[in-house]
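The chain contents come next:
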Amino acid sequence: DKGEYKHYMLKEIYEQPRVVHAAMEGRLGAERVLEEAFGVTAPAIFDQVRQVQIVACGTSYHAGLIAKYWIEDLAGIPCMVEVASEFRYRKVVLPKGTLFISISQSGETADTLAALREVRDRILASLTICNVPGSSLVRESDLCLMTNAGPEIGVASTKAFTTQLVALLMTTLVLGRRHELTPETEARIVADLKTLPGLLEQVLGLDSAIEKMAEAFAEKQHALFLGRGTLNPVAMEGALKLKEISYIHAEAYAAGELKHGPLALVDKDMPVVTVAPRNEMLDKLKANLQEVRARGGELFVFAGSRQEVQPEEGVQVLELPPMPGILEPIVYTLPLQLLSYHVAVLKGTDVDQPRNLAKSVTVE
Ligand code: M6R
């Protein structure tokens, strides 16, 4: 039931403060992640992990890309990420001690399931981060961590993604404590995670400003999304959302790649969306923004502070609340979901049931 909402997608966007809480509930102690949440056999398996291979499709793949930054940065464990449709059909070299992580809302995506079946005999163990209890991936994996987002009806994935990120961050912590992660850092991140529902609630308060911003996109044919670090996969996810429901051609680039090609596309008809929280990457990103402005590209910046990125002619800045850096990819996803939602509503497309797409891709 959509209740007061016009579309399931909007309802699911608004559920995120509650469901990210559900994704953590019973899994966080005062200072650490409770690893029993992964199953009774989990601790003995985690002890032996030497590298991680993540496989997923679409939005779930983007969650995996963010997890790679976390796992390598915080845990110091090598992590590979690949779309399932490529992974399953090539010869993949998997070193000893590989934990295979599948990420899937439905647990029924054909390529992801086939990838698991293909590697089963060559891995240390399999873990699935999944939203549907009893699904094929849950039944066939050694370990599972349910995302607890509740049924997701809109074809465009929203709450499944943010809860996957919470689950992946908890996974990073249980792996990391066996490697480079100190108890102090773990305790800090656990405390940070507990502030997430409140932060998401605050960002939902920007909805009407984002709705206004959406007007600039309704007549456009193309859009570019830029980000750096963990915000690069967030930009990819923002572009996927926009193309999926508004049928505007959108592409994401790591901001540093701009000069290596896509800058040639930038003119007044190419809006550029940037996710730019205040972090160590911001100075570099600001130089990229100048390059876009100099070519007449209209800029839409989701920023950590207006002091850092000034609004000016052709530059719209929406300020997000201050937040721990680790939560940025989760929180900055929401304004991009809302942006594509409002663009689609303006264009009059079928938001919950975009043309040519199915919620669950159970055939290749
Ligand atoms: O159920 P899964 O998470 O395995 O689905 C993967 C993709 O099909 C899915 O994320 C798709 O990209 C979404 N429609 C994106 O919004």
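About the thresholds
Residue positions are given per chain, counting from 1 as you read along its sequence in written order. Selection of residues for local features in this predicted model requires a pLDDT of at least 70, selection of side-chain atom pairs for listing and counting requires 80 or more, and totals for whole chains, interfaces and linings are taken over all residues. Values shown for side chains rest on all heavy atoms present in the structure; no hydrogens or waters enter the calculation. UniProt positions are given in the numbering used here, feature names are shortened, and annotations may be inferred rather than shown by experiment. One heavy atom within 4 Å of a molecule or strand is enough for the residue carrying it to be called near that molecule or strand. Here a polar contact is taken to be a pair of N or O atoms separated by no more than 3.5 Å, where protein atoms must pair a possible hydrogen donor with a possible acceptor and residues adjacent in sequence count only if both atoms sit in side chains. Computed with a 1.4 Å probe, the accessible areas rest on the Shrake-Rupley method; for each residue, only the protein chains presented here act as cover. Each reported salt bridge corresponds to a side-chain nitrogen of Lys or Arg within 4 Å of a carboxyl oxygen of Asp or Glu. Helical segments are the DSSP runs of H or I of at least four residues, strand segments are the runs of E of at least two, and each set is numbered from the N terminus. Exposure is judged per residue with a 1.4 Å probe applied to protein chains only, and the accessible area is read against the type maximum: over 50% gives exposed, under 20% gives buried, and values in between give partly exposed. The criterion for a disulfide is a pair of cysteine sulfur atoms lying within 2.5 Å.

An unreviewed UniProt entry annotates the chain as Glutamine--fructose-6-phosphate aminotransferase [isomerizing] originating from Marinobacterium aestuarii. What UniProt records for the chain under Subcellular location (unreviewed entry) is the sentence "Cytoplasm". Quoted verbatim from the Catalytic activity (unreviewed entry) field of UniProt, the annotation for the chain is "D-fructose 6-phosphate + L-glutamine = D-glucosamine 6-phosphate + L-glutamate".

A word on the site of the ligand. By nearness alone, 14 residues border the ligand, and Ser 60, Ser 104, Gln 105, Thr 109 and Glu 244 come closest of all. Between the ligand and Thr 109 there is a distance of 2.4 Å, counted from an oxygen atom to a side-chain nitrogen or oxygen. Between Val 155 and the ligand, the recorded distance is 2.9 Å, taken from a backbone N or O atom to a nitrogen atom. Expressed as a share of its isolated accessible area of 410 Å², the protein-covered part of the ligand is 90%.

What follows concerns the pattern of salt bridges. The full count for this structure, using the stated rule, is 19 salt bridges. Here Lys 159 ties to Glu 15 by a salt bridge, and the two come within 2.7 Å at their closest N and O atoms. You can see Lys 159 sitting in helix H8 (residues 159-176) and its partner Glu 15 sitting in the loop between helix H1 (8-14) and helix H2 (16-24), a full 144 residues away along the chain. No difference in accessibility class separates Lys 159 from Glu 15, as the two residues are buried. Linked through salt bridges whose partners overlap, the residues forming this network are Glu 35, Asp 47, Arg 177, Arg 178 and Glu 186.

Right, let's get into the state of the cysteines. Scanning the model with the defined rule gives 0 disulfides in all. Take Cys 57: it sits in no disulfide, and the sulfur closest to it among the cysteines is that of Cys 130, at 13 Å. Taking the relative accessible area as the measure of exposure, Cys 57 reaches 26% and is therefore partly exposed. Take Cys 144: it sits in no disulfide, and the sulfur closest to it among the cysteines is that of Cys 130, at 7.6 Å. Assessed through its relative accessible area of 24%, Cys 144 is described here as partly exposed.

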